[in-house]
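One letter stands for each residue in the lines below.
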Amino acid sequence: MKKLYIIRHAKSSWSDAELNDFERALSKRGKANAPMMGERLKKKGVMPDIIISSPAKRAKATAEIIAKEIGYKKKILFDENIYESSVDELCKILIAIDDKNSAAFLVGHNPSLNDLANYYVHHEENIPTCGIVEIGFECDTWSDIEPKNAKLLSFDYPKNSDE
């Protein structure tokens, strides 16, 4: 089985109107939500084999904060193709993951993450900032992940009252 955690970056700041989108940092709320979501993952015993993130400032910070919270010691991979990507581009990134990795975090942006979750498991609910969609794939290789072998395992986000 392969497991994918689709993670939308935490809330970003809009305080500097001059800053380009790629350079926007996390807001105060984002800086609080990212470690909280990392703590929830840690409580569930989640440890990815690989973390792939958009290099945009807010996504990079989210990936680094969550990685620190769960005790992830490997290098985070930053792929500029995740920023402003299509579902097709994201799928290409996922199927290229080395099969020795069973669990992967993909940290990025909407609308492409919403579209990706919808593509694999018909998850039509908006993924809010710092939201995490966990999908399990009944296959042994990343190149074989597809909607017909995908199952939604969990959906969590900062304001989720189930936690």
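Just so we're clear, the structure is a prediction, and the values are computed from it rather than from any experiment.

A. Local environment of the overall build of the protein. Counting its regular elements, the protein contains four helices and six strands. Reading the protein from its N terminus to its C terminus gives the helix and strand order β-α-β-α-β-α-β-α-β-β. Expressed as a percentage of the 163 residues in the protein, the buried residues total 50%. A fraction of 74% describes how many contacts in the protein between residues 6 or more apart in sequence connect residues 24 or more apart. Approximately 8,400 Å² of the protein is accessible, and the part contributed by carbon and sulfur atoms is 48%. In the protein, the 24 positive side-chain charges and the 26 negative ones have mean positions that sit 7 Å from each other.

B. View of the pattern of salt bridges. Considering all chains together, one arrives at seven salt bridges under this definition. Notably, a salt bridge pairs Asp21 with Arg58, separated by 3.0 Å at the nearest N-O pair. Taken together, the residues Asp21 in the loop between strand 1 (2-8) and helix 1 (28-43) and Arg58 in helix 2 (residues 57-70) connect sequence positions 37 residues apart. In this structure Asp21 comes out as partly exposed when scored by relative accessible area, which is 30%.

C. Just helix 3 (residues 87-95), in detail. Among the residues making up helix 3, those that are buried are Val87, Leu90, Cys91, Ile93 and Leu94. The buried residues of helix 3 all sit within an arc of 160° when viewed along its axis, so they share a single face. Turned more than 90 degrees from where helix 3 packs its buried face, Asp88 and Lys92 sit exposed. Structurally, helix 3 contributes buried residues whose contacts are with strand 1, strand 2 (50-53), strand 4 (103-108) and helix 4 (112-121).

D. Inspection of the packing of helix 3 against helix 4 at higher detail. At a minimum axis separation of 9 Å, helix 3 and helix 4 run at an interaxial angle of 70°. Considering their axes alone, helix 3 and helix 4 lie roughly perpendicular with respect to each other. For the pair helix 3 and helix 4, the contacting residues are Val87, Leu90, Cys91 and Leu94 in the first and Ser112, Leu113, Asp115, Leu116, Tyr119 and Tyr120 in the second. The class makeup of the residues in the contact of helix 3 with helix 4 is eight nonpolar, one polar and one charged.

Criteria and cut-off values
- Residues numbered from 1 in each chain as written.
- Predicted model: local features only at pLDDT ≥ 70, side-chain atom pairs only at ≥ 80, totals over all residues.
- Heavy atoms only, no water.
- Helix = DSSP H or I, 4+ residues; strand = E, 2+ residues; numbered from the N terminus.
- Buried < 20%, exposed > 50% of the residue type's maximum accessible area, 1.4 Å probe, protein only.
- Contact = heavy atoms within 4.5 Å.
- Areas by Shrake-Rupley, 256 points an atom, 1.4 Å probe, with all protein chains shown as cover.
- Lys, Arg positive; Asp, Glu negative; His and termini not counted.
- Charge placed at Lys NZ, Arg CZ, Asp CG, Glu CD.
- Salt bridge = Lys/Arg side-chain N within 4 Å of Asp/Glu carboxyl O.
- Arc of directions from axis to C-beta.
- Axes fitted to C-alpha atoms, helices over the stretch in contact; angles between N-to-C directions.
- Parallel < 35°, antiparallel > 145°, perpendicular 65-115°, else oblique.
- Nonpolar A, V, L, I, M, F, W, Y, C, P; charged D, E, K, R; others polar.

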